[in-house]
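# Results of the structural survey
Take a look at the letters that make up each chain.
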Amino acid sequence: MTLHFPNMAEPAGRTLGDEEVAALERVIRSGMLNSVWGTEARSLEHEIGELYGSRHAVACSSGTAALHLSVVAAAPDPGDEIITTPITDFGTVAPILAQNAVPVFADVDPSDGNLDPDAVAALIGPRTRAIMAVHLFGAPARIGALRALADEHGLTLIEDCAQAWLTELPGGALAGTAGHVGTLSLQQWKHITCGDGGLTVTDDDELARRMRLFADKGWDRAAGRSHESLGLNYRMTELQAAVARAQLAKLPGVVAARRRTAAELVEALRGLDGVLESGVLETGGHGVRGGERAGTGEGRRVIRLPRPDGHAWWLFPLVLPAGDAPELAEHLSAAGIPARPGYLRDPLNRAPLWRRPIYGTSHHPLEGYRPAACPAAERLVDSTLLVIDWNEHYTSEHVAAIADAVRRYRAEA
Ligand SMILES: *Cc1c(COP(=O)(O)O)cnc(C)c1O
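Here is what the cut-offs are and how they apply
Residues numbered from 1 in each chain as written. Predicted model: local features only at pLDDT ≥ 70, side-chain atom pairs only at ≥ 80, totals over all residues. Heavy atoms only, no water. Phe/Tyr/Trp six-rings, centres within 6.5 Å; stacked < 30°, edge-to-face > 60°. Buried < 20%, exposed > 50% of the residue type's maximum accessible area, 1.4 Å probe, protein only. Lys NZ or Arg CZ within 6 Å of the ring centre and 35° of its normal. Near = heavy atom within 4 Å. Polar contact = N/O pair within 3.5 Å; in protein donor to acceptor, adjacent residues only side chain to side chain. Areas by Shrake-Rupley, 256 points an atom, 1.4 Å probe, with all protein chains shown as cover. Helix = DSSP H or I, 4+ residues; strand = E, 2+ residues; numbered from the N terminus. Nonpolar A, V, L, I, M, F, W, Y, C, P; charged D, E, K, R; others polar. Pairing = 2+ DSSP bridges. Contact = heavy atoms within 4.5 Å. Salt bridge = Lys/Arg side-chain N within 4 Å of Asp/Glu carboxyl O. Axes fitted to C-alpha atoms, helices over the stretch in contact; angles between N-to-C directions. Core = buried A, V, L, I, M, F, W, Y, C linked by side-chain atoms within 4.5 Å. Parallel < 35°, antiparallel > 145°, perpendicular 65-115°, else oblique. Left-handed = near helix turned anticlockwise from the far one by under 90°.

Within this structure, the stated rule accounts for nine aromatic pairs. A centroid spacing of 4.9 Å and a plane angle of 15 degrees characterise the contact between W313 and F316, whose relative ring orientation is stacked. By relative accessible area, F316 is classed as buried at 0%. One aromatic cluster is present, formed by F5, W313, F316, W390 and Y394 through successive ring pairs. Here the guanidinium or amino end of R221 rests over the ring plane of W219, the centre of that ring lying 3.7 Å away.

Looking now at the site of the ligand. In the neighbourhood of the ligand, 14 residues make up the surrounding shell, with G63, T64, D160, S185 and K190 lying closest. Within the contact set of the ligand, an oxygen atom lies 2.7 Å away from a side-chain nitrogen or oxygen of K190. Protein burial of the ligand: of its 380 Å² of free accessible surface, 94% is covered by the chains. Among the elements that line the shell around the ligand, the one with the most residues is helix α3 (residues 63-74), at three residues. Taken together, the residues that form the shell around the ligand break down as three nonpolar, eight polar and three charged.

This next bit is on the pairing of strand β4 (residues 128-134). Buried residues dominate β4, accounting for six of its seven residues. Relative to β4, strand β2 (residues 81-84) runs parallel, the two sharing three bridges. In the sheet register, I82 faces β4, and the bridge partner there is A130. Across five bridges, the pairing between β4 and strand β5 (residues 156-160) is parallel. By the bridge assignment for β5, A130 is matched with T156.

Turning next to the environment of I358. Mapped onto the secondary structure, I358 falls in the loop between β11 (339-341) and α10 (375-384). Linking I358 and A98, residues 260 residues apart in sequence, is a C-alpha distance of 9.8 Å. Ignoring anything within four residues of it in the chain, the contact list for I358 reads L353, H363 and L366.

So, on to the pattern of salt bridges. Under the defined criterion, the tally for this structure stands at 28 salt bridges. For D205, the salt bridge identified is with R55, shortest N-O distance 2.8 Å. Residue D205 is located in helix α7 (residues 205-215), and its partner R55 is located in the loop between α2 (40-52) and β1 (56-60); the two are separated by 150 residues in the primary sequence. Look at D205 and you get partly exposed, because its relative accessible area is 42%. A salt bridge links D404 to R408; its shortest N-O distance comes to 3.5 Å. With D404 and R408 both in helix α11 (residues 396-411) and four residues apart, the pair spans about one turn of that helix. We classify R408 as partly exposed; its relative accessible area is 42%. Linked by salt bridges that have partners in common, R26, E40, E47 and R245 make up one network.

Moving on to the sheet that holds β1. Read from one edge to the other, the open sheet built from seven strands follows the order β1-β7-β6-β5-β4-β2-β3, with strand pairing classed as mixed. The two strands at the open ends of the sheet, each matched to only one other strand, are β1 and β3 (102-105). Averaged over all adjacent pairs, the angle separating strand axes in this sheet is 20 degrees, with direction ignored. Where β5 and strand β6 (residues 181-185) come together, three bridges link them in parallel fashion. Looking at β6, one finds that I158 is bridged to V181. Each of β1, β2, β4, β5, β6 and β7 (198-202) is contacted by α3, which is oriented at about 165 degrees to β6, the strand it contacts most.

Counting 42 residues, the largest nonpolar core has L44, I48, V120, L146, W165, L186 and L199 as its most contacted members. Elements that contribute at least two residues to this core include exactly α2, β1, α5 (117-123), β4, α6 (143-153), β7 and α8 (238-270). For this core, the element with the most residues is α8, which contributes six residues. Once residues within four sequence positions are removed from consideration, L186 is found in contact with W165, I192, T193, C194, G195, D196, G197, G198, L199, M236 and A244. The next biggest cluster of nonpolar side chains, apart from the first, holds 30 residues, and it includes V266, I337, L386 and Y394.

Here the focus is unusual backbone geometry. A cis amide bond, omega 5 degrees, links H364 with the succeeding residue P365. By the secondary structure assignment, P365 is in the loop between β11 and α10. Its identity as a non-glycine residue notwithstanding, A75 has a phi of 55 degrees, on the positive side. Its place among the elements puts A75 in the loop between α3 and β2. In this structure A75 comes out as partly exposed when scored by relative accessible area, which is 37%.

What follows deals with the packing of α2 against α8. The N-to-C vectors of α2 and α8 enclose an angle of 30 degrees; their axes lie 8 Å apart at closest approach. Put simply, α2 runs roughly parallel to α8. Of the two elements, α2 crosses α8, and the hand of that crossing is left-handed. Contact with α2, carried on its side by E40, A41, S43, L44, E47, I48 and L51, involves E238, A241, A242, A244, R245, L248 and L251 of α8 and no other residues of that element.

Laid out in structure tokens, this is it:
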């Protein structure tokens, strides 16, 4: 028996269909493929603004572009610092470098890999300009505590929601609406896709103005052929926007289906001996210290389940005792289940790039820069974190196969 696990690189693992084909045909037959003069990207922005309840949405060419726009909106001076997480896509960090700002990596909560607000607080200094939080794998980051820090210190809070379409914060608001700017990605591996594409959402008129200008060569189209500020061409095409709009209509179904099967897996694993729930967060931003054997009295092969609250299940993460994640990943892979240890090869504070010049032969303004250690993040990536690919087309059969493989692994202990 080999049960196929649909993935996001094939039709069976996507929601692409007749609606997207019709949308593309509509645009192509209109003769207008560019969003400056077309209607699709502006309509997409309107629809995203409605969904997120935000005054502004700005469409752009990728999630990385959206993050670049958000850093531009925060307006760091060269050398200013932006605090972010070492467990994320490089698209979170590249825009900081592009604006000649300095990424400062804060450590994460070992129970879910999201930024630890206490670690962030300890790194805020006179040059800190912004905090970039990531809702990792679709689990809500501690955004309330981070917003309080941002307000206290006059910082811009950016929420990277590339993995967190329709993630809900405590109280029910959507992730992306609690910070000053939220960003979304439409890249191939996200909940919905148009190949590549991005969006930012904000309620702030001035931040929206800066982002719009930067995405369009600093060109205020109402003012004639004249350039107000530095900008690139980060425009989304009408083709991307039309597909994204068709995908957006399917988003609630995608997230609901992922939530349904993820809840089934949580339920199936919950009953196993040695499988623990990640507890309710303690105050101060510390989650339960998942995956730590010392001092907890937990034996080998203890598995910590993700907290389902608000989760959008981009991936399904598990936290295990040190060293067990690669072992279980191998066991699951052998059973045909798409699971990987660590998510990244290296947390971004340990990426090879910091050892090399960044701009030509120069590091400026990062001379002598070496990111600090982030022990919790390093431990997750090196030995305690396992991620299972998730998909809206999984059925109870897929869930049962995963639960069964975990059960068999534990039986071998
Ligand atoms: C995918 C991703 C990005 C980058 O988005 P692109 O559309 O691929 O540029 C940024 N941050 C996170 C957390 C991501 O998962």
